[in-house]
Each structure stands twice: as structure tokens, then as C-alpha cells.
Amino acid sequence: MMKIPCPHCGVRDENEFQCGGTAHLARPALDASDREWGEYLYFRDNPKGSHRERWRHAYGCGRWFNVVRDTLTHEISAVYPITETPAR
Amino acid sequence: MTHRYSAWSLLRGAFARHANWPAAWRDASPKPAYDVIIVGGGGHGLAAAYYLAKNHGITNVAVVERGWIGGGNTGRNTTIIRSNYLYPESARLYDFSLRLYEKLSVELNYNVMVSQRGLVMLAHSRHDLDAMSRWANAMRMNGIDAEIIGRDELASLAPGLDLSPRARIPVLGGFVQRRAGTARHDAVAWGYARAASALGVDILQNCEVRGFLTKDGRVTGIETSRGRIAAGRVGIAAAGHSSVLAALAGFRLPVTSYALQALVSEPVKPVLDTVVLSPGTGAYLSQSDKGELVIGAMLDLFPSYAQRGSFAITQSILAGVLAMFPAYARLKMLRQWAGIVDVVHDSSPIIGPTPVAGLYIDCGWGTGGFKGIPVGGWTLAHVLATGENHPLAEPFQLDRFTTGRLVDEAAASGIAH
Amino acid sequence: MSGFRLPEPHGTRIDRTRPIPFLFNGKVLAGFRGDTLASALLANGVRLVGRSYKLHRARGVFGCGFEEPNAIVDLVDGERRTPDVRATTLELTEGLAAQSVNCWPSVGLDFGAVLGAFAPFLPAGFYYKTFMWPDWHWFEPAIRWMAGLGRTSLAPDRDRYEEICVDADVAVVGGGIAGLSAAVAAAEAGAATTLLCAAPAAGGALGWRGDATVRALLAKAGRAGVTLLTRTVAFGVYDHGLLCATESLAAATPGTHGALRERLWKIRARSIVSAQGAFERPMLFPGNDRPGVMLAGAAEKYAHAHATACGRRAVIAANADSAYAVARSLRAAGIEIVAVVDRRPPESIGAHAEGVRCLAHHGIRQVIGGRGVRGCVVVDADAPGDRGERLDCDLILSAGGFAPAVHLHSQAKGRLRWLEDAAMFVPDGAAPGLHSVGACAGVFARSAALEHAAEVGRSLALGFTVPPPPVGGAGRSLASSRIPGVRGKIFLDLQNDVTVSDVSLAAAENYRSVEHLKRYTTTGMATDQGKTSNVNALVLMGEATQRAPAEVGTTTFRPPFAPVSFGALVGRRVGNRYRPLKRLPAAGWHAEHGALFELFGNWSRPAGYPRADESLESAAQREAETVRGAVGVFDGSPLGKIEIWGADAAEFLDLMYVGTMSSLAPGQARYGLLLNEHGVIVDDGVVARLGTGHFWVNTTSAGVERTAAAFEEWLQCEYPNLRALVTPVTSRWGNVTVSGPKAWATLATIGLDRRFAPETMQHMTIADGEFDGSPVRILRASFTGELSYEINVPVERTRDLLERVWAAAAPLGGCPYGIEALEILRTEKGYLHVGVDTDGTTLPGDVGFARGLERKRANFVGRRSLLRPAARNPGRSRLVGLKPADGRTRLPVGAQIANAPPPTATEGHVTSSHWSPTLRAPVALAMLARGAERLGETVGVHHLGQRIDAIVVATSWIDPEGKRLHG
């Protein structure tokens, strides 16, 4: 069970949180093609390694935030605000 | 097959002190080139190799496996086989698989211990009963056996089940597919490996794929830890690691990898005669022939490639089990593990071509890959051999994520498949 | 006492003044406080304790701890049974009753033992090669009956379990000298330190030997503030330093229930120190499974700690210097050591025992005695075929070297390396967050272990670099613990009856990977998880395939280290605590009025109010009829309620809902469908505008948490610039809904303002008012098709309001109505029930909400997905009404629609179905392919082999124009 550093509440156990999946997905506009829309809805990098994802402190402050987590080791290397878009 | 297995062969073996048994499958060294290479030595990959040789006469085939065959999800599941699906597309696919399973031991001359002890889906409310009525009726429309059963029969199939009306998770009834059940997971991999090897397929263990060779957008071979191997066509059957391989080939999949946990208890004398699945708690369990209760449940709900699973989920799985079977509290967990499953939004597989010509994929089985092994192998072999999708696989193509024509079993039934 | 008890000072762990009677297989025996069941059985001269798993071979106690493969028993106390308990770690308690497992009719006369005669035909994996014809099903029942060990009770376990979560700077696992040393050093350096010790007392092997340093360390641990948990087994290391352990609490008094049985410890440790010691590796020789063959270290422990002689004349089979220490120690205890039979050449032997015969470079070729050792035949290692020498003995001890307990290190993703001279795997560096000390780190020398462990403890406390372990001190062992060329049944995994030849077979058949070996032969898969067999197995596989043990590698160590009860893992999440049960704020009122409660999601709600002579179904008919004819009172408190505030609240709701909410004037309300990004309907409800920047949103009862969470996610993650605030208020407001033609007549008499009368308050409007000094928020919306008032009231006044409403409604012929009646009423009206008429694939167009979507100006969640080809497919299903062609037969929910008999392609299914008391006829809703074009068509409805003809009709049977809504 992971420890997740909520930027608002501090380090708490994984079962207080909910994972919202890959972060920084750009939603195409209404006039996007079916292919672009399908890419956005379904296709993911799904890396084995470092993954930017968003989490919510569901049983806590209720706030969403971004996490950089290794999907193989589960180590968390960074946590940053939901509104922040890092340079790739 | 060079050496047939039978009671008679065991008898003869005994007199030879079992010193003369041949290798079940050959450990091959990579040849420079194959007609077809299959990446992934799990059930799906080995089955595909077998059916390539058996159904299509293509025997210049290699199965490359990073570790040891059957070491991924094939050896990490709860061994359930079933075809209780709502949609005709899924029903056809999974029932074809179940029917192959029914004959698999004889087909492969390897006892994969298909045990059709039935699978009971529990209804915990009247709403559940209605949903199961829909499900059972849909199955019958698809020509698949399904019966609604009451609490009396449940009491005899699963004697420890708490049927009291005051239970926090009451059990009102359920529906059963009697042809569903379990099979011995390792044996499925080994049986296919042995049969494929006997037909000339090369099995390359400890051979990690590091890249795909392409020319003019067409796959020409693979780069591996044991060197470069050329191939006319390549199939990927790598379950939770499909995305990693797809990335090596330069495309993405509509897949996210999650850990799916399972655990077994210490062995006890028979107490559970069927497979029980409870949508209300997410827990499912059966008792292995060894006597261990084999228990599975929901995914760890964050992307993961770590084959261990979160302790919090282990606890909630077992809480669900005890909610239904309060007598099991004194049983002990003996082993716990996780497989990495390739989850697709509609919980249905993807079997067919990829954006790279000559490269085909069989993935997206999510939590249900084991029961799909025979049909996954059959249809992957078909498209590898002919370049055409097998009719059963036609609805399960990548283009459905553009058109939106999903085969969304989970959403329709409210249950993760 | 029998003649197997040794005199004092032996027995450092037992209290001879406290005899304890117990039952074994129905026979009354006695031991002492401080005995384990195993030591007490041995002290009573009980050799035959159980039967093996596969061949039902007679077995006795083999070890003294978690490694025990043989002495597995069931504990029985009335209907309380605890299956598969290790006798070696079970403390003897008053009234304990144990039974041997896997034998019938008794452990002495076990019919299953006949399998031994067939053993030659039952090599590893024999079942993969046969039982295929005619079918596995012919054989499986017999095999299942034979398999399994203990028996579980089918009665609910009434004992209790609990869980505790704590933090520690340093958590040390293992109460031996290394663990104590590490814990004391850490605590003295200021770290909050917890020490977990599996035994009833800390001290380990040196402790029961009476070592003075251990006593001193124990005293220091107390002074330094080490938290000592005894009887606590650490079983798993999980992500981010979570260490899990179970503490066994006092055994229940026989015949009583409800005692606290086990406690699960979840310890978040900054650093974990593993000091779990080492297991002894058994020697491999024919007959090495007979009762009377056991681990040398175990016999030594039984002698010293429990004053129990496991035999009188012992032969020690050795591959390690430790054999000689055991020989000295047992001889001092008065046990005759016939010989040490050492499989190593003399130059590799680094120890000796004064006055003990040593047969170097020898091994055991045969064990004499079936149910108890009577002797053995030893041969020269170079001449295994010779006649050899017979040694008379009643005990054969195995000293094959050690296997460090690297379990936690491996669970924490630490690597291993093979030590050639000591023939063991030891940690290769530390694991992330976990350091090993003492024997489990490969440090066997007492003083080196003591000092290194203290350094580790201190360094972890102070944040210094942790020193590497000074590995050594175990002496020399050979990898192979058998004499090549000796033939016979040599057991590798005792419980599962895996033999040495099974490994050769696996190698020959190419099951050579260590995981294949394990799975094919089942070695290491028994309840001891291979604690005595794993190293021998992979050494043998190495021999068979010309590989070094390190090349063969080890299987993955997974939690748990030792089996953990389901009860302890679940703790108090049982019964009603499994999931919180939600009760209505005025549940008592409903109970008093005859409510039949059922679970709807996690809510306990009245399904109906059946009178004495009524079934729920007939009550629902009466209630629905009453609502249509007079008035009904419904508790809608679980209805989801969310307030949305802010300058951009309207814009936000436009984005969330299919409908346009920004055009609502204050006081107006509108029905809304909520979609997900895939365009699928996930919830519905009424959105009402209270003010310019203030909305009241009703969701479904089941959907409110999801919906509020979705609103938050959109706001926080995707539209952070919108000024809107989402406040779920479901639990703040009770809801009493009054519905029926006499709804206003009812409410007028409870003192509600006239402005709420239907003439002045329109359908689909909202207004605040007052009830008896409390604010109320009244919504004119209807799920019954009748004039309805949904009165939201502060939750603590729900009962007051219900009572007042009831007092007014009863004289008007009203009744309370439950969910069942509500379902009848809404089905008659064709109102959608999300989750019943829809599933996770239903799009708005499928339920007739496609009109106007194109005209909406704002984007909304799911909109793009509705433009995809699949969403525009004219063949999609559509919600329709169905009525039976005969006008009488009810159409079962879930029945499938098709004209041809099954199996055939389905065209849809029945989603809702009721007998309408108003129409005196059945009504049903269905999803039907191209349903909108098929009104008037007759279709076949199939349910479990039965066909009913039905006619497709419009979805609303009652008052399609909606006149009744307005009163």
C-alpha cells in the first residue's frame, strides 16, 4: 500500500485516494475527427516506468493533484498542482 | 506426437523408474528466420503457434518468451473458464473458446483438467435478480446454457454461504452456467507448448524482444536479447505488456495495465463445489482440486506493472469473501500474487492487424484472458496465416475505438469481465 | 509424565508447576505451560502425528517453527474448527483439542495410505498424463475427496479480529539476539522502535539457551523504550515501507465465543530491519520422511527449551558444522549420539564433538522402521552401493546447513547471491527500505551478528550509512545434501510428497525453470511454502541440468511469510461493518407504519408497507392505486442533493448536462440527463435555479457520490477558471414527497403557505418556505405522474414533517408508499429509471432525448461521442412500451425480444415490468432495436424457454398529456 503525499493534507495511505488515470490529456474540440476523438478517449502511452497521472484525495480534502509515479516500482518522484502543466 | 501420454505410458514409465520420459517441449535456439514469430510465450501465444501448425500447416514458427513459458498471466489467474456473455459477438467468441477447452485434453494429449463444475453469479437484490434474468435470457438467445437458481440449490453448491435474510450482503438467488468451471492453468501453457513443439514450433525462452525490424512500414523481424530474427509475420500476445511492445513498434494501444490480485487459502477438504462470483462484492472464488480456495477480485485501481498488488485490495477482497462466507474467517491465506492485465475500455479483446503491416496483436483480454486462450490462439493464428480476420474476431478490431462500436460487456452487465 | 521429559535445568521455556491437559485425536495427554503442541506431543512419546498430502505417508514432528511440513492439525471446539494449524508454533493451552488431518478413519489406520503402493505410478505431474479418457470429470471427484488437509467449519466464525495502524522509525522483525541488538541500538539512538517477535518471549535460540547477553539486551530494550510485540509474526513487506504482522491473542476458552483472536498490525516504518534468522536445510536420504527423522536444531530446541527428548539414541546426518554443536548439546542432555554421519570429506569439516563417532564422507542409505525410526544403514559416499553399516537409533537428525530467511528481503525487492562455501542464498546488498541482520543476512557468528546489528540499528536511527553485513560463521556446507548414487524414496517436499526423482523427471521433461519446477512437481507449494525444500530443490535442479544454484535462481518470495487467517486480514470489516448501511433519518417512523425494509444500494428503505394479509406485491398495488386516487407519502431522503454556487454556476451546469440550464429563470426547474465522456447516460435528475448564481441539483440516490465527484473533477481539472462551487447536501436535507390528486389538500392542512398551491406554484418550479419554524425547500417535480410536492426539510425535522403530513393524509384516504409502488407508478408513466431502463451503453437518443441536442449552443460532456458513427446508427435500441398480446400475462424483466425462437439474434429486452392497478393490465418498458419505428408491431418475448407475444406501444400509459401533474 503506497503512501501518497497530498499537497494539501500531507502524506496519507493509498486507500484514501482515487486514481484518475493519465494526466495532461488534451481534449480535442467538438469538430475533431472521429480518429482524434478516439485517440483521446481510449489510446494511452501506458508506460512501464514513469507515468504522469492525476489523483484525488477522496477521503480527505477532495482535491485533485498530479503525481509522477513509476508504474513498476510504485515510487512517487513528484507531486504538483492540478493546474500546472510541466514542460515535457 | 512422439510420446503419447496415457495410463499405459505411466505404467511403462514406472517400470523404467520414470527415467525415459522425453522433454515435454524442445528448448530451441533461434534460427535466423521464421515464417511467423509470436511474441509472448503465455497461453495465447503458445496456442496461436499450435493452431498455426495444426490448422494452417505453418510450422516454421517461433514463440519468443522473455522469461519462462506460462509465467505471465497464464500462471497468475484464478483459472475460470466460462462463456456467460450478454452480446452475441462476445458469446460466440467465448463459447468457441469454451468448446475448444472441453476437448483440449484429448486434442493436446495433455490433461488440462477442465472441470465443468458450473459458475454461479449471485444476486444480492431484486434488482440483481432482474439483471441476471436479462443475462440468462440473453445467453439462451445466444445458444448458451443458463439457468436461474434459488437459494436451496445455492445452499448445496456452496454450503458456507450466508443465506440469512439479515446478512449485510443478502443472497437472493443467482444464475448458473453449468458448462463453466475451471481448468489447470499451467497445464494449458505446457500442453500447447508440447503439442506445438511436436509439430515443429520453436520455443525460445529467456528471449526478450528489444525492437521490431521494419521495412517500408512492414515488419521484417525482431531484435531480441538472443539476436536478430527475421520473420514474414509477427504476432504479439503479451497481455499486460502489450503497450510496451506496441511502443517498440511505434504505435499506441487503447490499453491500460493494472494489477489484478488473486490469492489461495491453505488446502482443506471439499467445501465449495462450484465457482461463485458475487458482483455485489466483486469477489469470486472456487476450490481447487488440491483443496485450496482460489480467490480473486477487483483490480488495483491504478496503473501498475508490479506483479504484487496492494495490501488494501487484498483486505477488501477478503472482506467481500467473509461477507458471503463468514465461516471462512479461520482459513488462512497461503499465497497472494498479481497478474498485469491489459484493460480496454469495453473489456473486450483486440485480435487483428496493427498500424504496422505484417504485425498482428491479440490483447485486451483484461481480467479474462485465461478463458480466451484457445480462441485467442485460434483467431490470432488465422489472421497470421491468412492475413484476414477470423469471422469471430471481426467485431474485435482496433477501428472500433474510432467508430465507437464497442462491445461493452462490462457496461451492459455492470460487471467487470 | 512419560519418559521423554528431561530433568531440570532443561526446559527454560516451560513451567513445570503448570501442567496443561489437552486432547490429541481424542486421547487425553498433558504438557506444561510453555510447551508447544509439538513439544507436548513429543514429550508424550507421540511419534505419528499426521499423514502427508499426496501419499498419506506416516509423519511425525519434523521442525520446531514455521518450517514445519508434517505436524499439521485441526483444532476442534464444538462447531468451531481451525484447520491446518502448525503444531510447532501453537502454544499449548488448557482444553486444546487437536486432530490429525488427511487421514481416515484415523492417523494410525489410514485407508489412504494404500496410495503408497501405487506411488511408482504417481510421479510428479502424473495427472497431466492420464485421466483424459473418457473425461477428467470421471476422476475429479475422487481426487478432490483425497486432496485437502484439514476440514473447515461451515458455521460463521464468532470470534473477533482487529487491526491497528502505527508508525515507527525503525521496525525490527525477529526477537533473536541480532534483532534485539538492532532494536536496542536504534532506540538508544532516539528512534521510535518496534520489535516484532514471533515467539511468546523474545530472545531466540540464545534466549532459550540462557545466554546472559540476551537477558541484558532485554533489560536494555525495556529501558530504551522499544515497543516489544510478542506472538507477532511479520508476514509481508508492501509498498512504501508498510510492514504487516499478525499478533495472536489468548486462545479462546473452549466453549466460549466472541473473544478477540488476532490483531493485524500495519506498521509504517521509515526503516525495516529483518532479523528472522535461518531455517535448517534437511539432508536428503531414502526414508528421510519417517517419524523420528527431524531437523537437528529442532531436537536441540525441544531438549533445552521444552525439556523434551525427541529420542534416546540419535544419528545425526550432517552437511554442516552445526551438527557437532548439536551433538555436544544433546549429549549433555543425556541423549546418546550414535554417530555423526557427515557427507563431507574430512578436510571440509570444521568442527568436532568430543567422544562422538564421526563417519566423514558417509551418508544414510536406508532408514529402518516405518512408523518410528529403529535404525539406519550408512554407506561410504564413494561406495553407495555397498552393504554399509547398520546403526541402531530411534532418532535421525538432519543438519544440512542453513537457509537464511530472506523472505522479507526478497518481498522488498532485494537481490540474492549464492555463498558457495556455506551453500546458501544471502541478501546481495540491502533491499529498498529494508536491512537484514544476523543469520538472515548470512551473519552466523554470535559477536559479529551482535555488533553488526547494533551498527545497523544505530545508523538507521541517526541517518548514517548502514554498514554491510560481515557474512560468515556458518561453516562449510556442500550444495548437495545427498550422496549421489543412493537410491530410494528421498523426500524433498515432505508435505506434498515431492521426491528427488521428481526433480530429475522435471528436468528430463524440460520443466527446468525454477518456476516450472515448482509448479510441475508442487515442491514448495505446501503450507510451509518450501521453507525446508526450496534450496534443496534448486540445488537438485542445478545438478540435473549442470547449472550452479545461482543460475537456477529462486522462485519469487511472495507474502505471506507464514499463512495468515482471513479473519485477521479482514479485521472488523464484517457484518454490518463490511459496508456502511445507510438508514433513513425517520427510519423509526416507517418501522412503526409497517415498512418492509430492503436494501437499495447501501440504503435500507421501505420497499412497501404490507398489511397483515398482504404480500409486498399486493401492498405495492394498493399503494400505487392510492397515489393515483388520493394521496401517498414517500420518504425520498436518499435522493441526491447538490448545491452549485457561483457566478459561473449556470455555465458549468450547461457543460455538465445534456439540457440547457442557463436559460432557467430563478425558481424554475428542468429535467437533466448527465452523460460521461463516452456519451453514455450515467445519471438523471432535476436541476432547479434558486438564484442567479445558485442551483439545486437532484441526482439519483445511487448516483449522488459519483455525480458530485464527477462535477469536482471537471471543475478542478478541466475548467479551473469557472467560478463555481459544488456542495453535496444530501445528508443535510430530509425529503418528504407528497403525491396524488389530494397532495395539495394534504399540505394545505399542515400550514403551508397558499402560494404553494398548484394554482400559484407551477409544475417544475422550486420555492423556499417554512414548516413549523424550520426552512423547507419545496420542489414541484413528479416521478409518479401525479401532482407532487418534494419537500426538503432539515434532516432532524424529517420525522416531524412526516408525522404532520401523515396526520393530514390519512383522513383523506392516503397511505405511505414504498419503492415498489413508486416503480409501478413511474413505469405506468413511462418515466426513465437510470440504471434499470438504461445500462452502461445507453445514449440519450436511445431513450428519446436526441431532439434538440444539435441546437444546444454550449458544448457538454459526452457531446462529441454522440457524433460517432456507432451513436448515429439507425439500428440502435430505443426505449418503448410493451403490452402483452393477451392483455394479461406479465412480461418478465430481462426477457429477450425476438420473433424467431432462440437461439437467435436478440432485438432487445424488457427493462421494467409491472401490473398496473389503474389499467388492470400489465405494463412494461423495453429497449428494442429501431423501437421508435415499430409501434403496433407484435414481437416475441422470451423468458427461460417460454414465449409471450407482446405489442410495441408508446411508453406512457397514464395521462400522456401530463394534465394530472398540474393538479
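Model, not experiment: these values are computed from the prediction. (Residues numbered from 1 in each chain as written. Chains lettered and ligands numbered in written order. Predicted model: local features only at pLDDT ≥ 70, side-chain atom pairs only at ≥ 80, totals over all residues. Heavy atoms only, no water.)

Draft legend 1. Representation of the overall build of chain B in the model. Within chain B, the secondary structure is distributed over twelve helices and 18 strands. For chain B, the C-alpha radius of gyration of 21 Å lies close to 22 Å, the compact-globule estimate for 417 residues. Seen through its principal axes, chain B has C-alpha atoms that stretch 65 × 65 × 40 Å. For chain B, with 417 residues in total, the buried portion stands at 70%. In chain B, 75% of the contacts between residues at least 6 apart in sequence involve partners at least 24 apart. Surface summary for chain B: the accessible area is close to 12,000 Å², and the carbon and sulfur share equals 53%. Charged side chains of chain B number 39 positive and 32 negative; the gap between the two group centres comes to 5 Å. (Helix = DSSP H or I, 4+ residues; strand = E, 2+ residues; numbered from the N terminus. Rg over C-alpha atoms; globule rule 2.2 N^0.38 Å. Buried < 20%, exposed > 50% of the residue type's maximum accessible area, 1.4 Å probe, protein only. Contact = heavy atoms within 4.5 Å. Areas by Shrake-Rupley, 256 points an atom, 1.4 Å probe, with all protein chains shown as cover. Lys, Arg positive; Asp, Glu negative; His and termini not counted. Charge placed at Lys NZ, Arg CZ, Asp CG, Glu CD.)

Draft legend 2. A look at helix α9 (residues 322-332) of chain C. Three or more residues of α9 of chain C are buried, namely Ser 322, Ala 323, Tyr 324, Val 326, Ala 327, Ser 329 and Leu 330 of chain C. Gly 334 of chain C sits one or two positions beyond α9 of chain C and adopts a positive phi of about 95°.

Draft legend 3. Region of interest: the interface of chain C and chain B. Counting residues at the interface gives 113 residues for chain C and 104 residues for chain B. Summed over both partners, the interface of chain C with chain B comes to about 9,400 Å²; 57% of that surface belongs to carbon and sulfur atoms. For the interface between chain C and chain B, the tally reads ten salt bridges. One salt bridge connects Asp 273 of chain B with Arg 144 of chain C, and the closest N-O pair in it is separated by 3.1 Å. The tally of links between chain C and chain B comes to 62 residue pairs in polar contact (both at pLDDT 80 or more). Ranked by residue count, the leading element in the side of chain C that touches chain B is strand β6 (residues 80-86) of chain C, at six residues. Direction of pairing for strand β16 (residues 332-344) of chain B relative to strand β29 (residues 564-565) of chain C: antiparallel, over a ladder of two bridges. Directly across from Lys 332 of chain B, in β29 of chain C, lies its bridge partner Ser 565 of chain C. (Buried area = accessible area lost by both parts, 1.4 Å probe. Salt bridge = Lys/Arg side-chain N within 4 Å of Asp/Glu carboxyl O. Polar contact = N/O pair within 3.5 Å; in protein donor to acceptor, adjacent residues only side chain to side chain. Pairing = 2+ DSSP bridges.)

Draft legend 4. Main features of the environment of Leu 392 of chain B. All names here are of chain B. Along the chain, the position of Leu 392 falls in the loop between α10 (373-386) and α11 (400-403). Residue classification places Leu 392 among the buried positions, given a relative accessible area of 14%. With 131 residues separating them in the primary sequence, Leu 392 and Gln 261 have C-alpha atoms 30 Å apart. Here Leu 392 is in contact with Arg 92, Leu 93, Phe 96, Val 375 and Thr 379, once residues within four sequence places are set aside.

Draft legend 5. Looking closely at the side chain of Ser 274 of chain C. Tracing the chain through its elements places Ser 274 of chain C in strand β13 (residues 260-274). Leave out the neighbours within four places in its chain, and Ser 274 of chain C touches Val 173, Leu 408, Leu 434, His 435, Ser 436, Val 437 and Cys 440 of chain C.

Draft legend 6. Layout of the interface of chain A and chain C. In this assembly, 25 residues from chain A lie in contact with 24 residues from chain C. Summed over both sides, the interface between chain A and chain C buries roughly 2,300 Å², with carbon and sulfur atoms accounting for 47% of that surface. Where chain A touches chain C, the interface holds six salt bridges. Of the charged contacts in the structure, one is a salt bridge between Arg 54 of chain A and Glu 718 of chain C, with a shortest N-O distance of 2.8 Å. In this assembly, chain A and chain C are joined by 19 residue pairs in polar contact (both at pLDDT 80 or more). Residue assignment for the side of chain A that touches chain C shows that the elements contributing at least two residues are α1 (34-42) and β4 (50-56) of chain A. When residues in the side of chain A that touches chain C are grouped by element, the largest group, five residues, is from α1 of chain A. The class makeup of the residues in the side of chain A that touches chain C is twelve nonpolar, five polar and eight charged. (Nonpolar A, V, L, I, M, F, W, Y, C, P; charged D, E, K, R; others polar.)

Draft legend 7. Representation of the packing of helix α3 (residues 88-102) of chain B against α10 of chain B in the model. Residue and element names in this part refer to chain B. Their axes nearest at 7 Å, the elements α3 and α10 cross at an angle of 105°. It follows that α3 is roughly perpendicular to α10 by the angle criterion. Note on element contacts: α10 touches α3 through Ile 373, Pro 374, Val 375 and Trp 378, opposite Leu 93, Phe 96, Ser 97, Leu 100 and Tyr 101. Among the residues making up the contact of α3 with α10, the classes are represented as eight nonpolar, one polar and no charged. (Axes fitted to C-alpha atoms, helices over the stretch in contact; angles between N-to-C directions. Parallel < 35°, antiparallel > 145°, perpendicular 65-115°, else oblique.)

Draft legend 8. Here's a closer look at the packing of aromatic side chains. With the rule as written, the count across this model stands at 46 aromatic pairs over all chains. Summarising the aromatic geometry, the rings of Trp 418 of chain C and Phe 425 of chain C are spaced 4.9 Å apart at their centres and angled 65° between planes, so their arrangement reads as edge-to-face. Of the two residues, Trp 418 of chain C and Phe 425 of chain C, neither departs from the other in class, the shared state being buried. For the cation-ring pair, Arg 54 of chain A lies above Trp 64 of chain A, with the distance from its terminal atom to the ring centre recorded as 5.6 Å. Against the face of Tyr 53 of chain C rests Lys 290 of chain B, its NZ or CZ located 5.7 Å from the ring centre. (Phe/Tyr/Trp six-rings, centres within 6.5 Å; stacked < 30°, edge-to-face > 60°. Lys NZ or Arg CZ within 6 Å of the ring centre and 35° of its normal.)

Draft legend 9. Quick peek at a nonpolar patch on the surface. All names here are of chain B. Taken together, Trp 8, Leu 11 and Phe 15 make up a surface patch of nonpolar side chains, about 380 Å² in accessible area. With respect to the helices, strands and loops of the structure, Leu 11 is situated in helix α1 (residues 7-15). Given the relative accessible area of 32%, Leu 11 is considered partly exposed. (Patch = residues over 30% accessible without salt bridge, like charges linked within 9 Å, V, L, I, M, F, W, Y side chains within 5 Å.)

Draft legend 10. Inspection of the sheet that holds strand β5 (residues 64-70) of chain A at higher detail. All names here are of chain A. If you walk across this open sheet you meet the four strands as β3-β4-β5-β6, and the pairing is antiparallel. One side of each edge strand has no neighbouring strand; the edge strands of this open sheet are β3 (18-22) and β6 (76-81). The sheet shows a mean angle of 30° between the axes of neighbouring strands, direction not considered. Inspection of the sheet shows β5 paired to β6 by five bridges, in the antiparallel sense.

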